Amino acid sequence: MSIQVKTKDSVYNVHLGESILQFFCERQADALAKYDHLVLITDKNVWSLHEEYVRTNFTLPFKLYIVPNGEACKTFESYYQVQSFLLEENCTRNSALLALGGGAVGDLTGFVAATFMRGIPFYQIPTTILAHDSAVGGKTAINHPNGKNMIGAFYQPTGVIYDFHFLKTLPEAEVRSGLAEVIKHALISDANWMDDFLALPNLKAIDKKELLRWLEKGIRVKAHIVELDEKEQSYRKFLNFGHTYGHAIEATIGYGKITHGEAVMIGMIPALMLSELHGNVTAGYAKSVYDLANRLGYNFKHVLQCPFEILSKFMLKDKKTTNGELHFALLQKIGDPFVQKISMEEVKKCDEQLREWVKEGNE
Ligand SMILES: NC(=O)c1ccc[n+]([C@@H]2O[C@H](COP(=O)([O-])OP(=O)(O)OC[C@H]3O[C@@H](n4cnc5c(N)ncnc54)[C@H](O)[C@@H]3O)[C@@H](O)[C@H]2O)c1
Ligand SMILES: [Zn+2]
C-alpha cells in the first residue's frame, strides 16, 4: 500500500506494509540504479538488530555509515562526520542517502541530504512507531547545545519505505513513545478513532493488526496537514498538540532521560484541559485521557521533578512562542484543532491540576 504526499515542490510516496523492503527494492531497482552511490545511514542499535534482514532484502549495492544510537547522532559532530564520509567516498550530486532508523537518524540524514552539495535525494526507512510521524513531512534537523532541532531545514524525502518488520524488535518504552504521537493524530483528527484508544485496558491489549491500521491512519493525517501547510505557517501548528508543555518537560528532565513521546503524552493533558476551557471539549475528557495514559504505562511522576518556573522558561523559549505569547494547539472538539493564545497563568492552573492528579495516584 502507498500514501502519496504532495507539497508545493515535490510529490512522494510512503510505502507501508509488512516485509516490503525487498519488494520496494525490486520495483525501484531501475530508479535506484541511476544514483552513482547509495549510502545507508543507520545507528548502531538498529544495525546490530537488522543487518541481516537489510542485507538480504535490500539487494542493490550500498555503502554504510553507522552513527551513535538515538539522540546522540543529532550532533554537529555526527553531521560533520557523515559529510566527510560522503566526500571521502566520492559521492556527488547524483548520490542518494537512505536513512534506516528512528526519528533521530531520519532527522540527521535528512539534514545531511539537504545540505550536501546543496541537496541530494534521500529515502526514509523508518524503524520506530514514532517515525510514522517524523519520516513524513520533511522536517530535518540536528541539535545545538542551546536547543533541540535548532539547526535544520524543510527538505522532503524522495520516498518513504515503512517496513513493519522492523517494529518487532522495538522495546516497550519506544512503543509507548511512538504511540503517543499516534494518539495525538487521533485527537486532532477523529473522535471515533480516539474512542478505540479510550477502550484499551493496557498496552498489551493492542492488537498488532490494529496498530498497523492506526499507523496508516496517522500517516494520512500527517500527510494531509503537510500538504495544506508544508512550512508551518498555519495548519501544521496543529501537529504541535501537546508539544508546548511536552517539550518543556522533555527539556527539563533532559533529552534521552525521557522519550519524546512520553513527554508529549504528558503535554497533551494540559492541552486537553485548556481545550475544555477554550473549546467545547466535554468536561472530564482530559481526565479520561490521563487515566488511559496511566493504563498504558506512561509515567506522569516526571512532572513532579519539574518545577513550574523551569517549565515556563522553556515554554517561553519554544520556537513557536512569539513576543512572549504562548500559542497552544487546542481542540474545539475531538478531531477539530485550532490555535489559541494562552497566558502563563492559565497554563499554571492546568499544571497544578495535573500535579494533584499525579499526587493522588501516588497515595
Ligand atoms: N522530523 C520530524 O517531523 C520529527 C517529528 C517527531 C520527532 N522527531 C525527532 O525524532 C526523534 C525521536 O525519534 P524516535 O523515537 O524514533 O527515536 P530514535 O531514533 O532516537 O530511536 C529511539 C531508540 O530506538 C532504537 N531503535 C530504533 N529502531 C529500532 C528497532 N526497530 N528495534 C529496536 N530499537 C530500535 C534506536 O537505536 C534508539 O536507541 C527525536 O530526535 C525527535 O526530535 C522528528
Ligand atoms: Zn512530536
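Higher on the page you've got the structure.
Report on the accompanying structure. Chains are numbered independently. Their residues run from 1 in the order of the written sequence. Here every chain gets a letter starting at A, and every ligand a number starting at 1, in the order they are written. Reporting in this predicted model follows two pLDDT cut-offs: at least 70 for local features of residues, and 80 or more for side-chain atom pairs to be given and counted; totals over whole chains, interfaces and linings ignore these cut-offs and use all residues. Water and hydrogen atoms were dropped before computing side-chain values, which therefore reflect all heavy atoms in the structure.

A look at the overall build of the protein chain
Under the DSSP-based scheme used, a helix requires at least four consecutive residues in state H or I and a strand at least two consecutive residues in state E, with every element numbered from the N terminus. Within the protein chain one finds 14 helices and 11 strands. As defined in this context, the radius of gyration uses C-alpha atoms, and a globule is described by 2.2 Å times the residue total to the power 0.38. In terms of overall size, the protein chain behaves like a compact globule, its C-alpha atoms giving a radius of gyration of 20 Å where 363 residues would be expected to give roughly 21 Å. Its C-alpha atoms give the protein chain principal-axis dimensions of about 60 × 40 × 40 Å. Each of the 363 residues in the protein chain was classed as buried or not, and the buried ones make up 56%. In this description, contact between two residues means that some pair of their heavy atoms is separated by no more than 4.5 Å. Excluding contacts between residues fewer than 6 apart, the proportion of contacts in the protein chain whose partners are at least 24 apart in sequence is 74%. Accessible surface, the protein chain: about 15,700 Å² in total, of which carbon and sulfur atoms supply 51%. Taking the average location of the 39 positive side-chain charges in the protein chain and that of its 43 negative ones, the two points are 3 Å from each other. Residue burial is assigned from relative accessible area. The probe radius is 1.4 Å, only protein chains are included, and a residue is buried under 20% of its type maximum, exposed over 50%, and partly exposed in between. All accessible-area figures derive from a Shrake-Rupley calculation using a 1.4 Å probe, and residue coverage is judged against the displayed protein chains alone. Here the positive residues are Lys and Arg and the negative ones are Asp and Glu; neither His nor the chain ends is included. By convention, charge coordinates are those of NZ in Lys, CZ in Arg, CG in Asp, or CD in Glu.

Thoughts on the environment of arginine 27
Tracing the chain through its elements places arginine 27 in helix 1 (residues 21–27). For the pair arginine 27 and glycine 137, spaced 110 residues apart in sequence, the C-alpha separation works out to 23 Å.

Looking at the pattern of salt bridges
Definition used for salt bridges: Asp or Glu carboxyl oxygen within 4 Å of a side-chain nitrogen of Lys or Arg. Within the structure shown, the criterion is met by 21 salt bridges. Here arginine 220 ties to glutamate 216 by a salt bridge, and the two come within 2.9 Å at their closest N and O atoms. Placement of the pair is arginine 220 and glutamate 216 together in helix 9 (residues 208–228), with a separation of 4 residues, close to one helical turn. One salt-bridge network, in which partners are shared between bridges, spans Glu71, Lys74, Asp107 and Lys148.

Notes on the site of ligand 1
Being near a molecule or strand, for a residue, means having at least one of its heavy atoms within 4 Å of it. Residues in close proximity to ligand 1 total 25 residues, the closest being Glu71, Gly103, Thr127, Thr128 and Thr169. Whenever two N or O atoms come within 3.5 Å, that pair is a polar contact, provided that in protein one can donate a hydrogen and the other can accept it, and provided that, for residues adjacent in sequence, both atoms are side-chain atoms. Separating an oxygen atom of ligand 1 from a backbone N or O atom of alanine 104 is a distance of 3.0 Å. Lysine 139 is positioned with one of its backbone polar atoms (N or O) 2.9 Å from a nitrogen atom of ligand 1. Calculation on ligand 1 without its partners gives an accessible area of 860 Å², and the protein chains cover 90% of this total. Put simply, the parts of the chain that give the shell around ligand 1 at least two residues each are helix 3 (44–57), helix 5 (103–115) and strand 8 (147–154).

Considerations on the side chain of glutamate 262
Within the secondary structure, glutamate 262 is located in helix 11 (residues 260–278). Comment: no salt bridge for buried glutamate 262; closest opposite-charge side chain is arginine 176, at 5.5 Å. Within polar-contact distance, the side chain of glutamate 262 engages the backbone nitrogen of asparagine 299 at 2.8 Å. Not counting residues up to four positions away in its chain, the partners in contact with glutamate 262 are Ser177, Gly297, Tyr298, Asn299 and His302.

Focus on the layout of surface pockets
What the second largest pocket holds in volume is close to 350 Å³. Surrounding the second largest pocket, 15 residues form its lining, Ile129, Val175, Ile206, Lys208 and Leu211 being those nearest its centre. Elements supplying a minimum of two residues to the lining of the second largest pocket: helix 7 (172–187) and helix 9. Note: domain ranges come from an automatic or database domain assignment. Two domains each put at least three residues into the lining of the second largest pocket: domain 1 (2–168) and domain 2 (172–362). Cavity: a set of points on a 1 Å grid over the protein atoms alone where a 1.4 Å probe fits but cannot get out. Pocket: an open set with protein on both sides within 12 Å along at least five of seven lines, its lining residues, like those of a cavity, having an atom within 4 Å of a point. Grid points are joined across faces, edges and corners, and a volume is the space filled by probe spheres set on the points.

Description of the coordination of the zinc ion (ligand 2)
Metal sites are built from N, O and S donor atoms within 2.8 Å, or 3.2 Å for Na, K and Ca, and they leave out water, so they may look incomplete. The zinc ion (ligand 2) binds to the protein through Glu181 (OE), His243 (NE2) and His260 (NE2); the donor distances cover 1.9 to 2.1 Å. Donor residues for the zinc ion (ligand 2) sit on one chain with the sequence pattern E-x61-H-x16-H. Of the two residues, histidine 243 sits in helix 10 (residues 243–253) while histidine 260 sits in helix 11, which places them 17 residues apart along the sequence. Taken as a pair, histidine 243 and histidine 260 share a single burial class, namely buried.

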